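The lines below spell out each chain.
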Amino acid sequence: MHHRRGHERAATDSGPGTEADRPRPGPAGPAPSLRPAGGRGPLGGARAALERLRRAWDRPLTAYYLILGGGLLLTVLGLVMVFSSSQITALAQGLPSTYYFRKQLLAVAIGGALMLVASRLSVRRLRALARPLLVASVVLMALVQVPGVGMEIKGNRNWLSLGGPFQLQPSEFGKLALVLWGADVLARMVERGTLDRWKHLLVPLVPVALLLLGLIMLGGDMGTAMILVAVLFGLLWLAGAPTRLFAGTLAVAGLMTALLIATSPNRMSRLECLGATDPGRNDQCWQALHGIYALASGGWFGSGLGASVEKWGELPEAHTDFIFAITGEELGLAGTLSVLALFAALGYAGIRVAGRTEDPFVRFAAGGVTTWITAQFVINIGAVLGLLPIAGVPLPLFSYGGSALLPTMFAVGMLISFARSGPGARAALAARGPGVMTRTMRRIAGRRPSGKR
């Protein structure tokens, strides 16, 4: 009896047991795969990411956000750099260290209001503004040449005194006037069906542009004249002007430029400073050379905000024409590439707005503004890098100077208005409902007791 019970325990411990106690083999099939979920390998994941990026880039509001964000970031970063680069200049002139910063801050506040107004104006109202702005610009530019009324600053007679420390440069508003008026004239030609006749294309647009150029050149400001020529070429290109017209106009412009340079010792000296490696005779290349020094000493991430050496009297116009060099010295290659990326985004968005609209005025105006900002940006940075002669033009939205900042911010506001007026953009903005600030205020009000609302 005892032996039988021991045999049963042995059978229970070592035997197969019941069906429920037996381990069941897994289902037959291939070995588990090491590929990511969804059946895609690394190449497939990269393609999916690129596809998502492409779809996000093609959204209707992409241009709107690029213009708004790029314009505001450039303005704010420029305000910071004006504060950093202008302190030593102000102290050397016996002024408070924040003198130029406070003036630029006031200009940014006024320019922000102008940008907001322009972003809310309809195309019809912008077209109605074209002729009055052109007439006002011509009158003010003519007043500059009246003795006792105009002011001469650093060899150029292009300024009007507004009283106290404030001056106005009407030629900066002439750029905006040419863009608006030229876009309106070309849009009327499209509406009448006469744009294909090159004589009609030349007669209203080119003479007015030449009038503005003549008034600018009377004051000796060749840099602004170059930008105006670039705007004219941009408008003619968008209008589909024939190649022979471009070739003839370019030849005439080249001859006039060569004549103006050859007859001015100051302009000849600037041309001789291209790629300069020493200050030259009478230190004529001092500014160009120290601009390169500032960029070269910045390294990858710069010496730190406010730690520039060149702004201590070595680099002239550190807070205006050569503010990009101080940016490279204090913020390094990372800072300068960020500025270049913001301008590239702004230029791309402007081209995108001009290329996707069906309104001829919007196409010409957006293309004109983009040409204006891009040409001025290239001329300024090309001079700082020693690739172009120093033309004395500020970096758009970045350099010190309210006369240049105000019309540029108004022009950026126009681009914002055009970007949000497209059918897809209007629908996307309408689907978002009230703005973030409005929704936040409503949530705050909803948390309060009803008697305290």
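Residues numbered from 1 in each chain as written. Predicted model: local features only at pLDDT ≥ 70, side-chain atom pairs only at ≥ 80, totals over all residues. Heavy atoms only, no water.

Student: With reference to specific residues and values, describe the overall build of the protein.
Tutor: Per the secondary structure count, the protein includes 16 helices and three strands. For the protein, the proportion of contacts with a sequence separation of at least 24, taken over those separated by at least 6, is 69%. Here the protein has roughly 24,200 Å² of accessible surface; of this, 65% comes from carbon and sulfur atoms. (Helix = DSSP H or I, 4+ residues; strand = E, 2+ residues; numbered from the N terminus. Contact = heavy atoms within 4.5 Å. Areas by Shrake-Rupley, 256 points an atom, 1.4 Å probe, with all protein chains shown as cover.)

Student: Requested: an account of the pairing of strand β2 (residues 156-161), with residues and values cited.
Tutor: Here strand β1 (residues 150-153) pairs with β2 via three bridges, running antiparallel. Looking at β2, one finds that Met-151 is bridged to Trp-159. Hairpin connection of β1 to β2: two residues between the antiparallel strands, including Lys-154 at a positive phi of 55 degrees. Relative to strand β3 (residues 167-168), β2 runs antiparallel, the two sharing two bridges. Bridge pairing links Leu-160 to Leu-168 in β3. (Pairing = 2+ DSSP bridges.)

Student: I'd like a rundown of the pattern of salt bridges, residues and numbers included.
Tutor: A full pass over the atoms with the stated rule returns five salt bridges. A salt bridge links Arg-127 to Asp-184; the nearest nitrogen and oxygen atoms lie 2.8 Å apart. Here Arg-127 is found in helix α5 (residues 123-143), whereas its partner Asp-184 is found in helix α6 (residues 170-192), with 57 residues between them in sequence. Both residues of the pair, Arg-127 and Asp-184, belong to the buried class. Ionic pairing is found between Glu-330 and Lys-311, a salt bridge with its closest N-O pair at 3.3 Å. With Glu-330 in helix α12 (residues 323-356) and Lys-311 in the loop between α11 (286-296) and α12, the pair connects residues that are 19 residues apart, well separated along the chain. Using a relative accessible area of 5% as the deciding quantity, one classes Lys-311 as buried. A single network of salt bridges, built from pairs that share partners, joins Arg-127, Asp-184, Arg-188 and Glu-191. (Salt bridge = Lys/Arg side-chain N within 4 Å of Asp/Glu carboxyl O. Buried < 20%, exposed > 50% of the residue type's maximum accessible area, 1.4 Å probe, protein only.)

Student: Tell me about helix α9 (residues 243-262), and name the residues and values.
Tutor: For an α-helix, the turn length of 3.6 residues means that residues three or four places apart are oriented alike. Between its first and last C-alpha, α9 extends 28 Å over 20 residues, near the 28 Å set by a 1.5 Å rise per residue. Looking only at α9, the buried set comprises Leu-245, Phe-246 and Ile-261. Around the axis of α9, the buried residues are gathered within 120 degrees of arc, so they sit on the same side. Along α9, exposed side chains directed more than 90 degrees from the buried face belong to Arg-244, Leu-255, Leu-259 and Ala-262. Packing partners of the buried residues in α9 comprise α7 (198-218), α8 (222-238) and α10 (265-272). (Expected span 1.5 Å × (residues − 1). Arc of directions from axis to C-beta.)

Student: Before we move on, could you go through the packing of aromatic side chains and cite the residues and values that matter?
Tutor: A complete count under the given rule lists six aromatic pairs for this structure. Between Phe-83 and Phe-101, the aromatic rings sit 5.0 Å apart at their centres with planes inclined by 65 degrees, giving edge-to-face as the arrangement. On the criterion of sequence distance, the pair formed by Phe-83 in helix α3 (residues 62-92) and Phe-101 in helix α4 (residues 99-120) is long-range, its members being 18 residues apart. Judged by relative accessible area, Phe-83 falls into the partly exposed class, the value being 33%. Phe-101 sits in the partly exposed class, given a relative accessible area of 21%. Site record: aromatic cluster; members linked through ring pairs are Tyr-99, Tyr-100 and Tyr-400. Just above the ring of Phe-166 sits the side chain of Lys-103; from NZ or CZ to the centre is 5.5 Å. (Phe/Tyr/Trp six-rings, centres within 6.5 Å; stacked < 30°, edge-to-face > 60°. Lys NZ or Arg CZ within 6 Å of the ring centre and 35° of its normal.)

Student: With reference to specific residues and values, describe the state of the cysteines.
Tutor: Working definition: the covalent bond between the sulfur atoms of two cysteines is a disulfide. The tally for this structure, following the rule as stated, stands at one disulfide. Between the sulfur of Cys-273 and that of Cys-285 lies a disulfide, 2.1 Å long from S to S. Around the S-S axis, the bridge from Cys-273 to Cys-285 shows a dihedral of about -90 degrees and counts as left-handed. Remark: Cys-285 occurs in the loop between α10 and α11 and Cys-273 occurs in the loop between α10 and α11; sequence separation between them is twelve residues. When sorted by exposure, Cys-273 lands in the same class as Cys-285, which is buried. (Disulfide = S-S within 2.5 Å.)

Student: Account for the packing of α5 against helix α14 (residues 402-420), naming residues and giving values.
Tutor: For the pair α5 and α14, the least separation of the axes is 11 Å and the interaxial angle reads 150 degrees. The pairing of α5 with α14 is recorded here as roughly antiparallel in orientation. Both α5 and α14 take part in a crossing whose hand is left-handed. Facing α5, whose interface residues are Val-123, Leu-126 and Leu-129, α14 presents Phe-410, Met-414 and Phe-418. Across the contact of α5 with α14, the residue classes break down as six nonpolar, no polar and no charged. (Axes fitted to C-alpha atoms, helices over the stretch in contact; angles between N-to-C directions. Parallel < 35°, antiparallel > 145°, perpendicular 65-115°, else oblique. Left-handed = near helix turned anticlockwise from the far one by under 90°. Nonpolar A, V, L, I, M, F, W, Y, C, P; charged D, E, K, R; others polar.)

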